[in-house]
Amino acid sequence: MAPMQVGVRVIATDTTQRTRMLSILLATLLSSAQPVVDCHVGAYRLTDGSSLDIAPSDDGTLRWRRIDGTTGKLTRGQKDAWTSTGGWTPRPDGKDVTFTDCAKGGITFGGMGGQRIHFEVHDATFVGEGGTKLVGRLILPEGKGKVPVVVLIHGSEHESARVDDHMQRQLPAEGVAAFVYDKRGTGDSGGTYTQDYSVLANDAVAAVSEARALAGARAGRVGFRGGSQGGWVAPLAATRTKVDFVMVGYGLAISPLEEDREAVAFQLQLKGYDQATIDKAWEISDAIGLILSSNLTQGYEQLDAARNKYRNEPWYKDIRGDFSYMVLPYTADEIREKGKAFMFHTPWHYDSMAVLRKVKTPQLWMLGEDDIDAPSAETLRRLKSLQAEGLPITTALFPHAEHGLTDYELQADGSRLSTRYSEGYMRMTIDYALGQWHAPYGASQVSYPKSASEPANHAQTP
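Residues numbered from 1 in each chain as written. Predicted model: local features only at pLDDT ≥ 70, side-chain atom pairs only at ≥ 80, totals over all residues. Heavy atoms only, no water.

**Some points on the state of the cysteines**
Counting across every chain of the model gives 1 disulfide. Covalent S-S linkage joins C39 and C102, the inter-sulfur distance amounting to 1.8 Å. Of the two residues, C39 is situated in the loop between α2 (21-25) and β2 (42-46) and C102 in the loop between β7 (97-99) and β8 (106-109); the sequence distance between them amounts to 63 residues. When its relative accessible area of 18% is taken as the criterion, C39 is described as buried. Using a relative accessible area of 13% as the deciding quantity, one classes C102 as buried. (Disulfide = S-S within 2.5 Å. Helix = DSSP H or I, 4+ residues; strand = E, 2+ residues; numbered from the N terminus. Buried < 20%, exposed > 50% of the residue type's maximum accessible area, 1.4 Å probe, protein only.)

So this is what it looks like as structure tokens:
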């Protein structure tokens, strides 16, 4: 890997790390086993006092993000000049970027100057369930005072969170420490990739213990933030260790099988189909769900019967769901063969509500109203029923927001093109970790715990 400047101060945690201090310093917060990442990746403080994150993206591009939710893709030009296009669109947005050389850490963003932010970074290897080696890092704002610590639990991705999770820098840039780790079977961590929430929750428990140990006297409030699939893992982990808060981004309070059913229904509704049509489509998705949840041993006759019955219906081509669309085109033999690669020990009938009723820790759930991958309506209904039972759950529904809490515009073919992150989403995340609340947060519709006008999360940062 080519040497890179990182703009961090690395604290060695053992003798081996001390001998590797220089190589760590030049690794851009990434393990040497990871792909080469541009040396400009990092957090920057602009002259107006705001923070800007520069993250790796696809095909040698970069992505900038601001706390207000604006974002853009950066494509390299000449002499470290980068052209920006807004959101995930191809449209120039005028936020072009130039960098100084990496050692100096300077930036010009849309005509505004800035400088790389220096963090205190602890890289670590720790042990998850079954003795599995997990690799993570704690990133602290510089200073000596106590700060909240957020343990980041990522979703179903197979990639390294230490490479891809931009919150590991965005949070410390705003005074909140972040602990990020490669989950088992990804990045530099050992073990086999799995979607077994119990195993992943035990790994998260080990991660929060490691984060506390690394933060030492600087650890204030400590909690989880889980995105997407992490919304199943984080609450479960909170039943197995003491944390001060749990945040869930675009997660679900239903099972994976129910997620696919809800997605099939929501997507057909968007295309104008009625409930009678949805009931027919559910015959197909339920058969696919049986195939997957039976470890590819049952449901083929039901699927073939439903396909033969409905394949000429006008709505058949519009079946999507979370996973149904991937299985639908294949024969039974093809499903048996190709499906083996996707058996990740997913708990298809997972009882989210039983777990959530055990969580006494304050929770914040941030959901997208128009999420077609993980439709939020039933999850929101269930969370409000838990609020009515007195559980300390706060929900925030962001209108016109997709999975990942991005706003979007519709294309001529009906597809969606994301334009930015929802306004208020990142600020809400930061404030909740800090134990503060300064509503409103964009256009989000917030529902508080029973008989409360603010989240059950009042403790201020020590």
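There's plenty left to go through after this.
**Digging into empty space enclosed by the protein**
In total, this model carries 4 cavities of 30 Å³ or more according to the counting rule given. Reported here for the largest cavity is a volume of approximately 90 Å³. Every residue lining the largest cavity is listed: L152, I153, H154, G155, Y181, K183, R184, L200, D203, Q229 and V233. Secondary-structure elements contributing two or more residues to the lining of the largest cavity are β12 (147-153) and α5 (197-215). Of the residues assigned to the lining of the largest cavity, the class counts are 5 nonpolar, 3 polar and 3 charged. (1 Å grid on protein atoms, 1.4 Å probe; cavity = no way out; pocket = protein on both sides within 12 Å on 5 of 7 lines; lining within 4 Å. Points joined across faces, edges and corners; volume = space filled by probe spheres on them. Nonpolar A, V, L, I, M, F, W, Y, C, P; charged D, E, K, R; others polar.)

**Side note on the packing of aromatic side chains**
A complete count under the given rule lists 18 aromatic pairs for this structure. Their ring planes at 75° and their centres at 5.5 Å tell us that W88 and Y421 sit as a pair that is edge-to-face. With W88 in the loop between β6 (81-86) and β7 and Y421 in strand β19 (residues 416-421), this pair connects stretches of sequence that are 333 residues apart. Overall, W88 belongs to the partly exposed group, its relative accessible area being 34%. (Phe/Tyr/Trp six-rings, centres within 6.5 Å; stacked < 30°, edge-to-face > 60°.)

**Brief notes about the sheet that holds β2**
Ordered by their spatial adjacency, 8 strands build a closed barrel running β2-β3-β4-β5-β6-β7-β8-β9, and the pairing between neighbours is antiparallel. Neighbouring strand axes in the sheet, compared pairwise and without regard to direction, differ in orientation by 30° on average. Two strands pair when backbone bridges link them, and β7 and β8 are joined in this way by 3 bridges, in the antiparallel orientation. Bridging across to β8, F99 finds its partner in I107. (Pairing = 2+ DSSP bridges. Axes fitted to C-alpha atoms, helices over the stretch in contact; angles between N-to-C directions.)

**Here's the deal with the confidence of the model for the protein**
Per-residue confidence for the protein averages 91 on the pLDDT scale, and 91% of its residues sit at or above 70. A low-confidence stretch, residues 1-33 stays under pLDDT 50, and its non-local contacts, those more than four residues away or across chains, total 76 contacts. (pLDDT = per-residue confidence, 0-100. Contact = heavy atoms within 4.5 Å.)

**Quick look at unusual backbone geometry**
Residues A439 and P440 are joined by a peptide bond in cis, for which omega reads 5°. Within the secondary structure, P440 is located in the loop between α14 (425-434) and β20 (445-447). Backbone geometry places K79, a non-glycine residue, at a positive phi of 55°. Tracing the sequence through the fold places K79 in the loop between β5 (71-76) and β6. Exposure remark for K79: the relative accessible area of 84% places this residue in the exposed category.

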